[in-house]
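# Coordinate inspection notes
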Amino acid sequence: MASTSRWGSGILPRQRKILTLVRRRKSRDPSELLKVSFGRCQDKTGTVDASDRTAGQDTIMTKQLPYPPRKIFYDGKPQQSNGPVFQTVDPSTALPLANVHSADCHDVNLAILSASRAFPSWSKTPCNERSRILLKAVSLLRERNDQLAEIETHDTGKPFSETRTVDITTCADVVEYYAHLVAGGGLNGETTRLRKDAWVYTTKEPLGVCAGIGAWNYPIQMYVANVTVNTLEKLLLTFDAESALWKSAPCLAAGNTMVYKPSEVTPLHGDYLAKL
C-alpha cells in the first residue's frame, strides 16, 4: 500500500532518526523549539553542520538540483540565515531536491520581532477584511493546485494522485472555512443580562504572536494561510505546508500573527507558498 512509506514499520530510516531525536529532546525553550534543529543528523541528506560550513557549504551550494535554495522567510521576503545548510531529498527516490538554509536562535528572534511588528496592524484589521484576504489565499491555492501538489509529492514521497486530490484541496477548504467563520461572527463575544439594569459582556481578542511546529507527513495543510497575509502585512513565514495550514488558518483569522517552524524532513514547499 502507498501509505506504508509513512506509517508503522514503513517509516523511512531518515524519518525514524528524526523521530528518535524529537523524543529525546527535553528543551522547553521556545526559541529552541522554533529553531530548525538539523543538528548533526548526518545521513544521506547531506547535512552540513555549522562547524563544516566554511569547507562544505560551497560544495553543497554549487550542485545542480531540481529546486532553487530554500531560505527562511519573514518581512515579506526570503532572508539570509546563520544556521546549517543541508540537502533535502525525495524520500521515494533518495535523490536530493534542494539546499535548505536553516535558522539559528538569532534568526528565530528576528522572525519573532517581525511578527510582533505586524501584530498591531493585523489584529486591528476588521474581521470582514481579514476574511477577504484569506479567501484570496483560497483562490490562489485552488488555481495552483497541481503545481503545489507536485512539490508536495517530491517533498513527502506521496503519490501525485493523493496530493492533487487531498492535500492541496483540503488546504483550501480549511482556509475557506475559517474565512467564513470570522466573517460570519464566529469570533463575536457574548452578552448576558444579570438583571433589569445590569449586563455582562465578553469579547474575544487576538493573543499576539503564536508559534507553530509542523508535521512531516502532511506539511502543506498546516501552513498555507500565512502566505497571502504575508504579502499584505509582512508577517513571518518560514517553509512548511499542510500541517501549517491547520495551525495558521485559525490563528490568522483570529487576528494573531505566527512564527512557523516546519519539519526538517519536508521543508521544500514553504517558499512557494510564501510567494503566493
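Computed from a predicted model, the values in this text were never measured in an experiment. The residue count restarts for each chain, going from 1 along the sequence in the order it is written. Thresholds applied to this predicted model are a pLDDT of at least 70 for local features of residues and 80 or more for the giving and counting of side-chain atom pairs; totals over whole chains, interfaces and linings are not thresholded and use all residues. Heavy atoms throughout the structure, all of them, feed into the side-chain values; hydrogens and water do not.

### What to know about the packing of aromatic side chains
Between the rings of Phe, Tyr and Trp (Trp by its six-membered ring), a pair exists once the centres lie within 6.5 Å; its type follows the angle of the planes, with under 30 degrees stacked, over 60 edge-to-face, and the other angles tilted. Scanning the model with the defined rule gives one aromatic pair in all. For the pair Tyr177 and Tyr178, a centre-to-centre distance of 5.0 Å together with 85 degrees between the ring planes defines the contact as edge-to-face. Working definition: with a 1.4 Å probe on protein chains only, accessible area under 20% of the residue-type maximum means buried, over 50% means exposed, and in between means partly exposed. Looking at Tyr177, the relative accessible area reads 52%, which means it is exposed. Take Tyr178: its relative accessible area is 24%, and that puts it in the partly exposed class.

### Let's talk about helix α7 (residues 160-183)
In this model α7 runs 34 Å from its N-terminal to its C-terminal C-alpha over 24 residues, within 8% of the 34 Å that 1.5 Å per residue would give. Approximately 25 degrees is the largest bend angle found in α7, and it occurs at Thr169. Residues of α7 that are buried: Glu162, Thr163, Asp167, Ile168, Cys171, Ala172, Val174, Val175, Ala179 and Val182. Working definition: helices are DSSP H or I runs of at least four residues, strands are E runs of at least two. Numbering for both runs from the N terminus. Positioned one or two residues after α7, Gly185 has a phi angle of 90 degrees, which is positive. The span expected for a helix works out to 1.5 Å for each residue beyond the first. Each residue is assigned a bend, namely the angle between axes fitted to the seven residues that terminate at it and the seven residues that start at it.

### Topic: unusual backbone geometry
The backbone of Asp75 sits at a positive phi, close to 55 degrees, despite the residue not being glycine. Looking at the element boundaries, Asp75 is found in the loop between β1 (72-74) and β2 (77-79). Asp75 gets classed as partly exposed once you look at its relative accessible area, which sits at 25%. Non-glycine residue Ala94 carries a positive phi angle of around 65 degrees. Given a relative accessible area of 44%, Ala94 falls into the partly exposed group.

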